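Survey of secondary and tertiary structure
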Amino acid sequence: MKKILVGLFITITLGIFIRDLSYIIILHNLSYDETLNKSIADNHIKLEKLKIEYQNLIQEYEEITNNTNEEIKQDFVYREDIPLNKDIQETIHNECKKYNIEDELIFGLIKHESSFKTNARNSIGCYGLMQLNPKYFPSNLNSIDNVKYGIKYLNDCIIKCKNNIPAALRTYNAGHDDGKRNYSNTVISYARNFGYSD
C-alpha cells in the first residue's frame, strides 16, 4: 500500500512540476507588451491554482503517511518469547509490514542464521542477526540497520522468486536458488514454532 502511495505521489508531483515549468517558460518568453497583459495575468492565475493543488497534494500525502505509520505502530505487540529487545522487535514488525512479510518468518530466519545473537559472525565474515555478507552490505551496521537491510534483501529474493518462499530463502542463503531445501525447511520449521503460517 505504502509503495503504491509513494509511486502515486511521485507521478503526480512530476506531472505538476512539468506543468509548472511549462507555464514558467511561457511567462519568460512572453514580452511585456500591453497587448499581452491579459495572457500574462491568465498564466499567473493558473500558476497560483497549481501551487494550491500542489500544497493540497502534499498535505493529503502527509496525512496518509502519518496515518499508515500510526497504524503500524498501534498493532505492534512485544513478544516475550523472542529474545530480542523491543526496539529490534518493533523494527522487524515495521519492516515486515512494509514488505508484506510475516514477522514470524523473520524470527525463524534469525533463529537459524544467528540464534538471536546480535554479535554473531561466521567464518567468512557474515555478521549480525541477519548474517549479512560485508562483500555486499555495509560492514558496520548496528542491529537495527542489520535487520532493515536483511529484510529488504529477503523481500528482493521473494520478488525474484515470484513469491516462492522456500526458493526465496535459499536465494537469501546461497545467492541463488539451486533447488536445495534443507536451509529453507529449517527456517520455516523455526518460523512455525513462532506462529508462522505458510
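Refer to the structure presented above.
Residues numbered from 1 in each chain as written. Predicted model: local features only at pLDDT ≥ 70, side-chain atom pairs only at ≥ 80, totals over all residues. Heavy atoms only, no water.

**A few points about the overall build of the protein chain**
Which entries qualify depends on this criterion: Strands are runs of DSSP state E lasting at least 2 residues, helices are runs of H or I lasting at least 4, and numbering of each runs from the N terminus. Exposure classes here rest on a 1.4 Å probe applied to the protein chains alone. A residue is buried below 20% of its type maximum, exposed above 50%, and partly exposed in between. The contact definition used throughout considers only heavy atoms, calling two residues in contact when any of these lie within 4.5 Å. Here the open area of atoms and residues is found with the Shrake-Rupley method and a 1.4 Å probe, where only the protein chains shown may cover a residue.
When you go through the protein chain residue by residue, the secondary structure sums to 7 helices and 0 strands. Each helix and strand of the protein chain, ordered N terminal to C terminal, gives the series α-α-α-α-α-α-α. Here the protein chain holds 198 residues, and the buried ones make up 38% of them. Contacts in the protein chain between residues far apart in sequence, at least 24 positions, make up 42% of those at least 6 positions apart. Per element, the accessible surface of the protein chain, about 12400 Å² overall, is 52% carbon and sulfur.

**As for the pattern of salt bridges**
Cut-off, in case you're wondering: By salt bridge we mean one thing: a side-chain nitrogen of Lys or Arg within 4 Å of a carboxyl oxygen of Asp or Glu.
A full pass over the atoms with the stated rule returns 9 salt bridges. We note a salt bridge from Arg-79 to Glu-104, for which the minimum N-O separation is 3.5 Å. With a gap of 25 residues between them, Arg-79 in the loop between helix H2 (37-74) and helix H3 (86-99) and Glu-104 in helix H4 (residues 103-114) connect regions that are remote in the sequence. Relative accessible area serves as the criterion here: at 18%, Glu-104 is assigned to the buried category. Among the salt bridges present, the one from Asp-178 reaches Arg-170, with a minimum N-O distance of 2.8 Å. Asp-178 sits in the partly exposed class, given a relative accessible area of 34%. With relative accessibility at 12%, the residue Arg-170 sits in the buried group.

**Structural notes on the packing of aromatic side chains**
So the rule is basically this: Pairing of aromatic rings covers Phe, Tyr and Trp, the last through its six-membered ring, and needs centres within 6.5 Å; plane angles under 30 degrees mean stacked, over 60 mean edge-to-face, and all others mean tilted. Think of it as a cone above the ring: NZ of Lys or CZ of Arg counts as a charge over the ring if it is within 6 Å of the ring centre and within 35 degrees of the ring normal.
What the rule picks out here adds up to 5 aromatic pairs. For the ring pair Phe-137 and Tyr-149, a centre distance of 6.2 Å and an interplane angle of 90° mean the geometry is edge-to-face. On the criterion of sequence distance, the pair formed by Phe-137 in the loop between H4 and helix H5 (143-160) and Tyr-149 in helix H5 is long-range, its members being 12 residues apart. Plain terms: the ring middles of Tyr-153 and Tyr-172 are 5.2 Å apart, the flat faces sit at 40° to each other, and that makes the pair tilted. A residue pair is termed long-range when its members are at least 10 positions apart, and Tyr-153 in helix H5 and Tyr-172 in helix H6 (residues 165-174) qualify at 19 residues. Judged by relative accessible area, which is 8%, Tyr-172 ranks as buried. In this structure, Lys-111 is placed above the aromatic ring of Tyr-190, and the distance from its NZ or CZ to the ring centre is 5.6 Å.

**Remarks on the nonpolar core**
Note the following rule: What makes a nonpolar core is a set of buried Ala, Val, Leu, Ile, Met, Phe, Trp, Tyr and Cys residues whose side-chain atoms join them at distances within 4.5 Å.
Ile-92, Leu-105, Ile-106, Met-130, Ile-151 and Leu-169 are the most contacted members of the largest nonpolar core, which totals 36 residues. When contributions to this core are tallied by element, the ones reaching two or more residues are H3, H4, H5, H6 and helix H7 (182-193).

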